[in-house]
Amino acid sequence: MGKDHFLNHFYLPLLIGSMIMMVGCGDPIIEIEEANTYHWQKNMNEVEFEKLKNDMSYIEVVETAGGAGKKVKNNEYRWNDETLLTQAYIVKFKDDKLIAKEIIAVKGHSNR
């Protein structure tokens, strides 16, 4: 009984501590996206695109856009435009630093 009693008293604080750690160590991208009033705000617009500067990190771009981009290639992400179905934004990174950005035309069916 002594060993079981010890384990019960050990696991409960460990479980509670683990739960506190998980809540305290949230995903910053999810926190950024949940701060938006509307779900479409996780996309990008031209004003936000113009704010992007070389050497920004991916997380800085996510903060500027209000949401994460969709990975299209290694170190290349795409954000759809918030309002226009005919354009999107491609942002390229190297060593987690922005190196290039471009506006692309979108043709065909949108999945928004």
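Residues numbered from 1 in each chain as written. Predicted model: local features only at pLDDT ≥ 70, side-chain atom pairs only at ≥ 80, totals over all residues. Heavy atoms only, no water.

Novice: Help me out: how do you make sense of the environment of lysine 107 in this one?
Specialist: Within the fold, lysine 107 resides in the segment after strand E4 (97-105). C-alpha separation for the pair lysine 107 and threonine 86, spaced 21 residues apart in sequence, amounts to 6.5 Å. (Helix = DSSP H or I, 4+ residues; strand = E, 2+ residues; numbered from the N terminus.)

Novice: When you look at the pattern of salt bridges in this model, what are you seeing that I'm missing?
Specialist: Any two side chains of opposite charge can pair, so long as their charged atoms come close to each other. On inspection of all chains with the given rule, the structure shows 2 salt bridges. Glutamate 76 is paired through a salt bridge with lysine 92; the nearest N and O atoms lie 4.0 Å apart. With a gap of 16 residues between them, glutamate 76 in strand E2 (residues 76-80) and lysine 92 in strand E3 (residues 87-94) connect regions that are remote in the sequence. The shortest N-O distance in the salt bridge between lysine 92 and glutamate 102 comes to 3.9 Å. Placement of lysine 92 in strand E3 and of glutamate 102 in strand E4 is noted, with a sequence separation of 10 residues between them. We classify glutamate 102 as partly exposed; its relative accessible area is 36%. Here the salt bridges share partners, and the residues they tie into one network are Glu76, Lys92 and Glu102. (Salt bridge = Lys/Arg side-chain N within 4 Å of Asp/Glu carboxyl O. Buried < 20%, exposed > 50% of the residue type's maximum accessible area, 1.4 Å probe, protein only.)

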